[in-house]
Amino acid sequence: MTRLLALTFAVFTATVAWSQELIDKGFVEGWNIMMDPALGNGCLIQTIYQDLSVVRIGYDALENRGYFAVYNKAWGDIEQGKSYPIRFELDGKSFDANAIGFNQRDVPGATVFFTDRSFVNAIAQNKTMTVYNPAGEVVMAIDLKGTAKALDYARDCQNRKL
């Protein structure tokens, strides 16, 4: 119970600190469901992990694309707007991508944009995601438990059912 309270507090703190413009749409399976007015009211899911990485998977309604974003205060060397080649695996299936560096309220992160909507389904259908830097070192590995259900709610949000 203490871990859950600490995690809930961390999620709330991260949400307030980094995303004051986001509109809360609920909480499902460990993920916050939110709407981002800055992205054309695109909906997203967001959670925080034990290493304090904040992960978002969402929809950019302005550019008609999806995205996967990760923030972490420990990543101080990421440059705003710089492209970073990465590789990530979904339950062992490998994908190459370019992540764009950014800094949101002094917290560095990176975003991968995609236009293939089936990619969101691929995320939802897997159990783990591991991200690697160009040297092949693990940047992060996350448990995708609850992601499928949370993404269903995000789709409902995007379709204005929430």
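Keep in mind it's a predicted model, so treat the numbers as computed, not measured.

Trainee: In this structure, what is going on with the overall build of the protein? I would like to understand it.
Mentor: Regarding its fold elements, the protein presents three helices and 10 strands. Of the regular secondary structure in the protein, the N- to C-terminal order runs α-β-β-β-β-β-β-β-β-α-β-β-α. Look at the contacts in the protein between residues 6 or more apart in sequence, and 48% of them connect residues 24 or more apart. Accessible surface, the protein: about 8,800 Å² in total, of which carbon and sulfur atoms supply 53%.

Trainee: Teacher, can you tell me more about the environment of Lys-93 here?
Mentor: Structurally, Lys-93 can be placed in strand 7 (residues 93-104). Put simply, Lys-93 and Ala-122 are 29 residues apart on the chain and 10.0 Å apart in space, counted from C-alpha to C-alpha.

Trainee: What exactly am I supposed to notice about the sheet that holds strand 10 (residues 138-143) here?
Mentor: To summarise the sheet geometry, strands pair through backbone hydrogen bonds and adopt either a parallel or an antiparallel arrangement. The 10 strands are arranged 1-2-3-4-5-8-7-6-9-10 in an open sheet whose pairing can be described as antiparallel. Looking at which strands have only one partner, the edges of the open sheet turn out to be strand 1 (23-28) and strand 10. Taken over all neighbouring pairs, the strand axes of this sheet differ in orientation by 25° on average, direction set aside. As paired elements, strand 2 (residues 31-36) and strand 3 (residues 42-48) share five bridges and run antiparallel to each other. Directly across from Asn-32, in strand 3, lies its bridge partner Gln-46.

Trainee: Would you mind going over the side chain of Asp-36 with me for this structure?
Mentor: Considering the arrangement of structural elements, one finds Asp-36 in strand 2. Among buried Asp, Glu, Lys and Arg side chains, Asp-36 stands out as unpaired, with Arg-56 the closest opposite charge at 4.7 Å. Not counting residues within four places of it along the chain, the set of residues in contact with Asp-36 comprises Leu-22, Asn-41, Gly-42 and Leu-44.

Trainee: Explanation requested: the pattern of salt bridges in the structure shown.
Mentor: Note on pairing: side chains with opposite charge can pair once their charged atoms come close. What the rule picks out here adds up to four salt bridges. The shortest N-O distance in the salt bridge between Arg-65 and Asp-60 comes to 3.1 Å. For Arg-65, a relative accessible area of 25% puts it in the partly exposed group.

Trainee: Even after reading the chapter, I still don't get the state of the cysteines, so can you show me in this structure?
Mentor: Covalently bonding the sulfur atom of one cysteine to the sulfur atom of another cysteine gives a disulfide. Taken as a whole and judged by the stated rule, the model has one disulfide. The disulfide partner of Cys-43 is Cys-157, and the gap between their sulfur atoms is 2.0 Å. The sign of the -65° torsion about the S-S bond sets the Cys-43-Cys-157 disulfide as left-handed. With a gap of 114 residues between them, Cys-43 in strand 3 and Cys-157 in helix 3 (residues 147-158) connect regions that are remote in the sequence. When its relative accessible area of 0% is taken as the criterion, Cys-157 is described as buried.

Trainee: Could you clarify how one ought to interpret the confidence of the model for the protein in this entry?
Mentor: Detailed reading of the predicted model is not advised wherever pLDDT is low. Of all residues in the protein, 87% attain a pLDDT of 70 or more, and the chain-wide mean is 84. Confidence, read as mean pLDDT per element, is least for helix 1 (residues 2-18) in the protein (38) and greatest for strand 2 (97). Every residue in residues 1-19 scores below 50 in pLDDT, and together they form 24 contacts with partners more than four places removed in sequence or on other chains.

Rules behind the numbers
- Residues numbered from 1 in each chain as written.
- Predicted model: local features only at pLDDT ≥ 70, side-chain atom pairs only at ≥ 80, totals over all residues.
- Heavy atoms only, no water.
- Helix = DSSP H or I, 4+ residues; strand = E, 2+ residues; numbered from the N terminus.
- Contact = heavy atoms within 4.5 Å.
- Areas by Shrake-Rupley, 256 points an atom, 1.4 Å probe, with all protein chains shown as cover.
- Pairing = 2+ DSSP bridges.
- Axes fitted to C-alpha atoms, helices over the stretch in contact; angles between N-to-C directions.
- Buried < 20%, exposed > 50% of the residue type's maximum accessible area, 1.4 Å probe, protein only.
- Lys, Arg positive; Asp, Glu negative; His and termini not counted.
- Salt bridge = Lys/Arg side-chain N within 4 Å of Asp/Glu carboxyl O.
- Disulfide = S-S within 2.5 Å.
- pLDDT = per-residue confidence, 0-100.

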